[in-house]
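Each chain is listed here by its residues.
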Amino acid sequence: MIYADNAATTKMSETAINAMLPYMNEIYGNPSSLYSFGQQAKEELEKARTRVAACLGCDPKEITFTSGGSEADNQAIFTAAKYGERKGKKHIISTAFEHHAVLHTLERLKKQGFEITLLDVHKNGVIDPSQVAEAIREDTCLVTIMYANNEIGTIQPIEEIGKICREKNVLFHTDAVQAAGHLHINVKEQNIDMLSLSAHKFHGPKGIGVLYAKRGIILDTLINGGAQERGKRAGTENLPAIMGMAAALEEACAGIDNYSEKLTALRDRLIEGLDKIPYGELNGDREKRLPGNVNFCFEGIEGESLLLLLDDKGICASSGSACTSGSLDPSHVLLAIGRPHEVAHGSLRLTIGEDTTEEDIDYMIEAVTEVVTYLRNMSPFWRDLTTGKRTHVFAK
Ligand SMILES: *Cc1c(COP(=O)(O)O)cnc(C)c1O
């Protein structure tokens, strides 16, 4: 099997698994318990917080552990909204291609009277910082823009965006779930006020994440109960997962430069191979993209059928985000970069990882080329294109 869906989730690293084990059956005390066995767990918890903070360039007090990326996104946005509400500022700026954890939270706020501006992400899927500067108003309380897109892998100029937000005194949150472990993060240098992470996207366990919030920001609580996480996130801490996440993050961050060079070369080989398929096009900027992300649209095919046939050939791929597959709506990300509906339906995302080899790349190119040809030969839609009844979207 070739696993080419690392944007959906990743295999846990041995380091992360081994880091978790002792916290299941040896140091299993509750960090809130007063006896020393519980306090030992508490100490390890705080050490993990310090290690995570070091990877992000912040203070441990600025780290809150959450159940994952979705929760961190929700908490960051609701926190900013609460601040805004208090000051009569009910305008939020984001983009049309955020993850649904952001977009659906913003929709909720819209129902509560917030006004949301979604910036155009252009054909290449990259925001221009000047768009943010122009969109900020007197009543803007938050700018939330992802670091790297989960479907098309495009990387946003978050440092510049953060700088503009600082100057205009507006909170800046970034969903860095796809960036962590692939791109360097330093919240201070990058002018970030709040940032979300999820361990299962960088070879850590599922169900654990981080919300960084700059000192001074008082988080709004989503989960109410005990005083864990300094009162900002109730519930007994998932210590095994936190230890696994800390180890995975350190490992991923230490390996970024080496790993990203290797991955970029493989990614480019895959892009070049798939680019030879006629009437297809790469989605998202060719350069400003994650090292492991390849996303194409092919005319005259249906993404779902493509995935099933690739599955028969032992390839795990995606047609977009895991959250939208299964629904028949085309990806909101592909629509946001201006792909027409009929083309957005024919998308393929391959996200490679550390285990991917050159042979895997060549096999994937061969398999995708074969399956696309096969599907087109059966498609009445494709016949209309070849007979001129419909016009092509792509030039060749
Ligand atoms: C996966 C993902 C999330 C959600 O993270 P979970 O830990 O699965 O809740 C949020 N944002 C982006 C960009 C993602 O890729």
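Above: the structure in question.
Every value quoted in this text rests on a predicted model; they were computed, and no experiment measured them. (Residues numbered from 1 in each chain as written. Predicted model: local features only at pLDDT ≥ 70, side-chain atom pairs only at ≥ 80, totals over all residues. Heavy atoms only, no water.)

## Observations regarding the sheet that holds strand β7 (residues 194-198)
Hydrogen bonds along the backbone pair up the strands of a sheet, which may run parallel or antiparallel.
Next up, step 1: Taken in spatial order, the seven strands make up an open sheet running β2-β8-β7-β6-β5-β3-β4, and their pairing is mixed. In this open sheet, the two strands that pair with only one neighbour each are β2 (63-66) and β4 (115-119). Adjacent strand axes in the sheet meet at a mean angle of 20° when their direction is disregarded.
Next up, step 2: Direction of pairing for strand β6 (residues 171-175) relative to β7: parallel, over a ladder of three bridges. (Pairing = 2+ DSSP bridges. Helix = DSSP H or I, 4+ residues; strand = E, 2+ residues; numbered from the N terminus. Axes fitted to C-alpha atoms, helices over the stretch in contact; angles between N-to-C directions.)

## With respect to unusual backbone geometry
Next up, step 1: With phi around 65°, His-122 is a residue other than glycine that occupies positive phi space.
Next up, step 2: If you trace the backbone, His-122 turns up in the loop between β4 and α6 (129-135).
Next up, step 3: For His-122, a relative accessible area of 32% puts it in the partly exposed group.
Next up, step 4: Located in the positive-phi region is Tyr-279, a residue other than glycine, with phi close to 50°.
Next up, step 5: Exposure remark for Tyr-279: the relative accessible area of 22% places this residue in the partly exposed category. (Buried < 20%, exposed > 50% of the residue type's maximum accessible area, 1.4 Å probe, protein only.)

## So, the environment of Phe-296
Next up, step 1: With respect to the secondary-structure elements, Phe-296 resides in strand β10 (residues 293-298).
Next up, step 2: Between the C-alpha atoms of Phe-296 and Leu-282, which are 14 residues apart in sequence, the distance is 4.4 Å.

## Notes on the site of the ligand
Next up, step 1: Neighbouring the ligand are 13 residues; Ser-70, Asp-175, Gln-178, Ser-198 and Lys-201 lie closest to it.
Next up, step 2: Ser-198 places a side-chain nitrogen or oxygen 2.6 Å from an oxygen atom of the ligand.
Next up, step 3: Take Lys-201: an N or O atom from its side chain is 2.7 Å from an oxygen atom of the ligand.
Next up, step 4: When the ligand sits alone it has 380 Å² of accessible area, and the protein chains cover 87% of it.
Next up, step 5: Broken down by element, the shell around the ligand gets its largest block of residues, three residues, from helix α4 (residues 69-87).
Next up, step 6: For the shell around the ligand, a count of residues per class yields two nonpolar, eight polar and three charged. (Near = heavy atom within 4 Å. Polar contact = N/O pair within 3.5 Å; in protein donor to acceptor, adjacent residues only side chain to side chain. Areas by Shrake-Rupley, 256 points an atom, 1.4 Å probe, with all protein chains shown as cover. Nonpolar A, V, L, I, M, F, W, Y, C, P; charged D, E, K, R; others polar.)

## Regarding helix α7 (residues 158-168)
Next up, step 1: Of all the positions in α7, only Ile-158, Ile-161, Gly-162, Ile-164 and Cys-165 are classed as buried. Projection of α7 onto a plane perpendicular to its axis shows the buried side chains occupying an angular sector of 160°, all on one side.
Next up, step 2: Contact partners of the buried residues in α7: α6, β5 (140-144) and β6.
Next up, step 3: Just downstream of α7, Asn-169 is the residue with a positive phi angle, here 60°. (Arc of directions from axis to C-beta. Contact = heavy atoms within 4.5 Å.)

## Focus: a nonpolar patch on the surface
Next up, step 1: A contiguous nonpolar surface patch, about 250 Å² in accessible area, is contributed by Ile-17, Leu-21 and Met-24.
Next up, step 2: With respect to the element layout, Ile-17 can be found in helix α1 (residues 14-20).
Next up, step 3: The exposure class of Ile-17 is partly exposed, given its relative accessible area of 31%. (Patch = residues over 30% accessible without salt bridge, like charges linked within 9 Å, V, L, I, M, F, W, Y side chains within 5 Å. Salt bridge = Lys/Arg side-chain N within 4 Å of Asp/Glu carboxyl O.)

## Some remarks on the packing of aromatic side chains
Next up, step 1: Within the structure shown, the criterion is met by three aromatic pairs.
Next up, step 2: Ring centres of Tyr-28 and Phe-37 lie 5.0 Å apart, and the angle between their planes is 80°; this geometry places the pair in the edge-to-face category.
Next up, step 3: By relative accessible area, which is 55% here, Tyr-28 ends up exposed.
Next up, step 4: Phe-37 gets classed as partly exposed once you look at its relative accessible area, which sits at 31%. (Phe/Tyr/Trp six-rings, centres within 6.5 Å; stacked < 30°, edge-to-face > 60°.)

## Notes on the pattern of salt bridges
Next up, step 1: One pass over the structure, following the stated rule, counts 24 salt bridges.
Next up, step 2: For Glu-71, the salt bridge is made with Arg-233, and the minimal N-O distance between the two is 2.8 Å. Placement of Glu-71 in helix α4 and of Arg-233 in the loop between β8 (209-213) and α8 (239-274) is noted, with a sequence separation of 162 residues between them. In terms of burial, Glu-71 and Arg-233 fall into one category: buried.
Next up, step 3: Across the pair Asp-384 and Arg-390 runs a salt bridge whose closest N-O atoms are separated by 3.6 Å.
Next up, step 4: A relative accessible area of 39% means that Arg-390 is categorised as partly exposed.
Next up, step 5: One salt-bridge network, in which partners are shared between bridges, spans Lys-42, Glu-46, Arg-49 and Glu-229.

## Here we look at the side chain of Asn-191
Next up, step 1: With respect to the element layout, Asn-191 can be found in the loop between β6 and β7.
Next up, step 2: Polar contacts involving the side chain of Asn-191 include one to the main-chain carbonyl oxygen of Glu-159, which spans 3.1 Å.
Next up, step 3: If sequence neighbours within four positions are ignored, Asn-191 has contacts with Glu-159, Gly-162, Lys-163, Arg-166 and Phe-172.

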